[in-house]
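Take a look at the letters that make up each chain.
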Amino acid sequence: MSKKQKIIILYLVVIDVFLLGLALWFFVWPKIRLVNFALLQPAGEVAIKEYMLFKLVLFLMLVVAIPLFCFAVFILKRRKHEKISLFEKNKSHEGLWQIFVWLVPVILIFSISVINWKSTHDLDPYKPLSLKKEPIVIQVVALNWKWLFIYPNERIATINFLQVPEQTPIEFNLTADAPMNSFWIPRLGGQMYSMAGMTTKLHLQADQKGDFEGFAAEINGRGFADMNFVLHSVSETDYGNWLKNVKSKSLKLTLKEYERLSEEEKKHEPEVFSFVEDSLYEKIMEKFMPDGGYMPGMPSHNVDSLDNNNPSFSY
Amino acid sequence: MKFWFGKLTWASLPHEWFTIGGALSMVLAGLGIFVYLTYTKKWKWLWQEWLTSTDPKKIGIMYFVVAALMLVRGGLDAGMIWLQQSLASGSGGYLTADHFQQIFTAHGTIMIFFVTTGFLFGLMNYILPLQIGARDVAFPLLNTLSFWLYAAGALFINLFFFFGGEFAATGWLAMPPLSELEFSPGVGVDYWIWSLQISGLGSLLSGVNLLVTILKMRAPGMTLMKMPMFVWTCLGSLLLVVSTFPILTMTLLMLSLDRAFGMHFFTSNLGGNPMLYVNLIWSWGHPEVYILMLPAFGIYSEIVATFSRRRLFGYGSLVADALLISGLSMLVWLHHFFTMGAGANVNAFFGIMTGLIAIPTGVQIFNWLATLYKGDPRFTSAMHWFFGFVFTFTLGGMAGVMLGIPGLDFQLHNSLFLVAHFHTMVIGGALFGIFAAITYWFPKVTGFLLNEKWGKRAFWLWIAGFLVSFTPLYILGLMGVTRRLDHYDASRGWQGLFMVAGLGFIIICVAVCAQIWQIIVSIKERKQNQDQSGDPWDGRTLEWSTSSPPPVYNFAVIPEIKNRDAFWDMKVSGQVDKLVSGQANKQYEDIVMPKNTAVGIYISAFLFLVGFAFVWHIVWLGAVGFVGAVTCVIFRSFDHHTEFTIKSEDVAKMESRGLKEIWQLKQ
Ligand code: HEM
Ligand SMILES: [Cu+2]
Ligand SMILES: [Cu+2]
């Protein structure tokens, strides 16, 4: 074996070890918590399921990929002794091998497809999380370049931060009054786009107390990188106190104030409003709709259908 | 003034450091070339031998030159992106958000449209006709036109340095409403639209041309199932080109109508719908990534067969794979926006279709490995690229399968994990394939081999640099870092990993230097590395049966194909001497070849003006450009003397002379 081949093999072994390590790491992970690995430290029901799905799929693929790598290493390592004849009479086993090479990926992908179908329905962001507890509804408006959160039932609003009780499902209704955006709180679960004149939905829940960071994930102009917020998950009582506290202030979000806010284009510090204009969210959506808001063939544009339990936007 | 210059004013001329720098360096480079050509009196030579040539081999080389230049341009962008992200902890960094966004938009656009696409079309131009035993492509004029449209697009994307000073800051697919006038009022997006419009038209025409070439111009006896694998995968890729580039053209057209005439295809209000754009652009965009990948698969097939001295194992399977990949890739576009709120059924359908693509892809890899297993492999530097590809591509494919599961994509979408995925695919898949192809076919093009030692060094540097720069991105993705951040809070602790990625970029730069050095060394040592046989690797397909470089007409005598791996078959059955030297067959026939033409250059130049007119709203210029282009087409259609004949005596002469004379004899 030449030196170079040795290097190659060494190299491949390193990759294999790396991959194996990765696989192990994911399974013993919960014990090793480091800071910052948002996706590997889920803190909410949805994120936990997504993380488990991640591990499962990674594992299934490694089952096929590692033998494949080993085979490649074997080919590199092997020394051929017999000289290949130019005439290649020997075509045996080709058929068998073909069955094998199709069967392996087909089985793998078939099993992943089953997982895919099930998990997609299970993790459908439009699906309410549990029926036991009434969710808090939060309307999200992506502005340039800040997030406006309206609590329609509590009639308060916040900018660039959220306060929610732990272990309570949250129903986000999302829209935008700015370029298309993507709303993401990695430790609680995946993203959902927010688009002007339309409502999309996302159900999440924080299982524990803590501060969870949220991001704008879709490029949307100059202030993109600063469009972050924090979700504070607190106990039920703290949440109640907070609500009372907010209510006692006198910052009002009227339509006029909203207009001012949506036009100012700079980094925004977190802020609360003790009172919100009636159906502000619907009014924001209406801005984008001709003829009183109904666009044929697009239920998402129909304001009337915005009642909360009925997914109003679907293909 | 307004009539003559539209929106163009003095203020549009360069006045920021990066536009001044860019404009100045381009002017200087242009001036240098101009002076050199004038001084050496090479203008005429350049014009007659190269620029107006209809020889697909020369056009192929010109594609390579432009693509290499654009690689440098895109590479500089990449360096600037990484530098910014390494420095931009807190409010640091040396770029404004706006400038940073322009850079990554330009980077993505250039790398996909002008680098990878350019290299692959160049390769197809050179190799396809040779592999199918043809003397030319089906439509030679269309071929120069395609190339020049591509070159015009490449020039166009750099034009903002001189006029306007801004490029799109929207990401490489310019999603509305961000790319609409309301949010991007400047000319940047218009530059983006028209450079893609011009070069995209070139790709479409190339697609039609090469597709017809494959279907109609194969040597007698070469049935579809006797075609080399590279031809098959190109066929798959070209089918995608002709079926999806029209979507791109129309989508860009609608966006430009929105921007130029205040229409509302994709605006948020007045009945427009940005989601329509997202769907349209990805129903071109996903096939596009396979347009780039399929020819690379073909390259690997050729290399594996040649260097294991064995016919490809599972040829039938590989053909099916190419066609399946090509078909399936048109049915998966929604996986780029699982997060746009489609229902679970829709998401699951597209998720599963996405997974299905992994099947033919996996089968291919198994078959290549089986070929190597059965054969007698030689680990040349081309094979190094192949093995590098197997490892990176498998990793990237695993990441892709994960992204194809909606439940996972919700978390990974728009994160650096996604960025790492597609760089693994495009670099480890397509770009490594191109490097392998360069190593493999270089002796065919020049008549001497590339230095193996430096080739291997370049490979190891590349793969090390690649891993060092993209592993951190996978990790950052898992840390929940979104893509395209121009800065981030210092408290997040991301900076270290960004710096490691930057280090990887430096290693890649060293790797590129090694490649350049490889070429320099090889040219210096070309005497020792000369290959007079035309078949340095003991090849299997027809391109190795001609001299290196091949004569204008490729084959003095069109070969008769009896088997797959036609040239190998001839070698084995002893016919080869007849074919290579032509000695046994003194009866050459007259060969009719297309004449040079500058029409392609003129049409492209006029369309370039149309694009410029649209960017700056200069009506008269647009009219001139349009009428000019149409007039060129009309005039050309009256020209009946578009071909010339090489007399059989001349063919005989060329065949018996050395390579150098052949090059000089060519018209
Ligand atoms: C096994 C095969 C593959 C699968 C399953 C796959 C899957 C995916 C998925 C699901 C996405 C969207 C992720 C998201 O936006 O959240 C994606 C993005 C992407 N893929 Fe792949 N992919 C595969 C192969 C390739 C290949 C061969 C290439 C290129 C040669 C490629 C290039 C890209 C690019 C450029 C993007 C991102 C575009 C963008 O958002 O800017 N992929 N891939
Ligand atoms: Cu809609
Ligand atoms: Cu895709």
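Because the structure is a prediction, the values reported are computed rather than measured.

### Digging into the coordination of the copper ion (ligand 3)
All names here are of chain B.
- Distances from the copper ion (ligand 3) to its protein donors, His286 (ND1), His335 (NE2) and His336 (NE2), fall within 1.8 to 2.0 Å.
- Spacing between the donor residues of the copper ion (ligand 3) along their common chain follows H-x48-H-H.
- In this model, the copper ion (ligand 3) sits 4.6 Å from the iron atom of ligand 1. Here His286 is found in helix α9 (residues 274–307), whereas its partner His336 is found in the loop between α10 (315–328) and α11 (344–374), with 50 residues between them in sequence. Comparing His286 with His336, the two get one shared label, buried.

### A word on the interface of chain A and chain B
- Contacts between the two partners involve 95 residues from chain A and, on the opposite side, 104 residues from chain B.
- Both sides together, the interface formed by chain A and chain B hides about 8,600 Å², and carbon and sulfur atoms give 70% of it.
- Counting every contact that joins chain A to chain B gives one salt bridge.
- Linking Glu213 of chain A and Arg492 of chain B is a salt bridge whose minimum nitrogen-to-oxygen distance equals 2.2 Å.
- Counting residues per element, the ones that place at least two in the side of chain A that touches chain B are α1 (3–28), α2 (45–77), α3 (94–122), β6 (181–185), β7 (189–194) and β9 (210–216) of chain A.
- With 17 residues, α2 of chain A is the largest single contributor of residues to the side of chain A that touches chain B.

### Re the packing of aromatic side chains
All names here are of chain B.
- A full pass over the atoms with the stated rule returns 78 aromatic pairs over all chains.
- Note on Trp368 and Phe389: the rings are 5.7 Å apart at their centroids and 65° apart in plane angle, and the pair reads as edge-to-face. Of this pair, Trp368 sits in helix α11 while Phe389 sits in helix α12 (residues 381–403), placing them 21 residues apart in sequence.
- Trp368 sits in the buried class, given a relative accessible area of 0%.
- What makes Phe389 buried here is its relative accessible area of 0%.
- Among the aromatic side chains, those forming a connected cluster through ring pairs are Trp82, Trp385, Phe432, Phe435, Phe459, Trp460, Trp462, Phe466, Phe470 and Phe505.
- The ring of Trp45 carries the charged tip of Lys42 above its face, separated from the ring centre by 5.7 Å.

### So, the confidence of the model for chain B
Residues and elements named next belong to chain B.
- Of all residues in chain B, 97% have pLDDT values of 70 or greater, and the mean over the chain is 91.
- Segment residues 659–667: pLDDT under 50, and 20 contacts once partners within four positions in sequence are set aside and those in other chains are kept.
- With a pTM of 0.90, the predicted complex shows an ipTM of 0.90.

### What to know about a nonpolar patch on the surface
Residues and elements named next belong to chain B.
- A surface patch of nonpolar side chains, amounting to about 870 Å² of accessible area, comprises Ile20, Leu24, Leu28, Leu31, Phe34, Val35, Tyr39 and Trp43.
- Looking at the nonpolar patch element by element, the count peaks at seven residues for helix α2 (residues 17–39).
- Here Phe34 lies in helix α2.

### What about the domain arrangement of chain A?
- Each assigned domain of chain A is listed with its residue range as follows: domain 1 (47–73 + 93–123) and domain 2 (136–290).
- On a C-alpha basis, the centres of domain 1 of chain A and domain 2 of chain A stand 39 Å from each other.

### Some thoughts on the packing of helix α5 (residues 97–131) of chain B against helix α14 (residues 416–446) of chain B
All names here are of chain B.
- Axis separation between α5 and α14 bottoms out at 11 Å; the angle between their running directions is 35°. Here α5 and α14 pass one another in a crossing that is left-handed. Residues His107, Thr116, Phe119, Leu120, Leu123, Tyr126, Ile127 and Gln131 of α5 pack against His423, Val426, Ala430, Ile434, Ala437, Trp441, Lys444 and Val445 of α14.
- Looking at side-chain class alone, the contact of α5 with α14 contains 11 nonpolar, four polar and one charged residues.

### Here's the deal with the nonpolar core
- Ranked by internal contacts, the top residues of the largest apolar core, which has 282 residues, are Phe172 and Phe183 of chain A together with Tyr191, Trp192, Trp368, Phe386 and Phe387 of chain B.
- A domain split of this core shows at least three residues from each of domain 1 (47–73 + 93–123) and domain 2 (136–290) of chain A.
- Apart from the residues lying within four places of it in its own chain, the contact partners of Phe172 of chain A are Ile138, Val140, Leu162, Phe183, Ile185, Thr200, Lys201, Leu202 and Leu204 of chain A.
- Ranked by size, the runner-up nonpolar core spans 16 residues in total, among them Leu143, Leu253, Phe273 and Leu280 of chain A.

### A word on unusual backbone geometry
- Cis geometry marks the peptide bond from Asn144 of chain A to Trp145 of chain A, where omega comes out at -15°.
- Along the chain, Trp145 of chain A falls in the loop between β1 (136–143) and β2 (146–151).
- Following Pro176 of chain B, the chain continues to Pro177 of chain B via a peptide bond in cis, the omega torsion being 0°.
- Tracing the sequence through the fold places Pro177 of chain B in the loop between α6 (140–157) and α7 (188–216).

### What to know about the sheet that holds β7 of chain A
Residues and elements named next belong to chain A.
- Taken in spatial order, the five strands line up as β4-β10-β9-β6-β7 in an open sheet, and their pairing is mixed. Pairing within the sheet leaves two strands with one partner each, and these edge strands are β4 (161–165) and β7. Strand-to-strand, the axes of this sheet are offset by a mean angle of 20°, without reference to chain direction.
- Summarising the sheet, β6 and β7 pair through four bridges and their orientation is antiparallel. In the strand pairing of β7, Ile185 is matched with Gly189.
- Seen against the sheet, helix α4 (residues 236–247) touches β4 and β10 (229–234) and runs at an angle of roughly 130° to β4.

Definitions and limits used
- Residues numbered from 1 in each chain as written.
- Chains lettered and ligands numbered in written order.
- Predicted model: local features only at pLDDT ≥ 70, side-chain atom pairs only at ≥ 80, totals over all residues.
- Heavy atoms only, no water.
- Donors = N, O, S within 2.8 Å, 3.2 Å for Na, K, Ca; no water.
- Helix = DSSP H or I, 4+ residues; strand = E, 2+ residues; numbered from the N terminus.
- Buried < 20%, exposed > 50% of the residue type's maximum accessible area, 1.4 Å probe, protein only.
- Contact = heavy atoms within 4.5 Å.
- Buried area = accessible area lost by both parts, 1.4 Å probe.
- Salt bridge = Lys/Arg side-chain N within 4 Å of Asp/Glu carboxyl O.
- Phe/Tyr/Trp six-rings, centres within 6.5 Å; stacked < 30°, edge-to-face > 60°.
- Lys NZ or Arg CZ within 6 Å of the ring centre and 35° of its normal.
- pLDDT = per-residue confidence, 0-100.
- Patch = residues over 30% accessible without salt bridge, like charges linked within 9 Å, V, L, I, M, F, W, Y side chains within 5 Å.
- Areas by Shrake-Rupley, 256 points an atom, 1.4 Å probe, with all protein chains shown as cover.
- Domains from an automatic or database assignment.
- Axes fitted to C-alpha atoms, helices over the stretch in contact; angles between N-to-C directions.
- Left-handed = near helix turned anticlockwise from the far one by under 90°.
- Nonpolar A, V, L, I, M, F, W, Y, C, P; charged D, E, K, R; others polar.
- Core = buried A, V, L, I, M, F, W, Y, C linked by side-chain atoms within 4.5 Å.
- Pairing = 2+ DSSP bridges.

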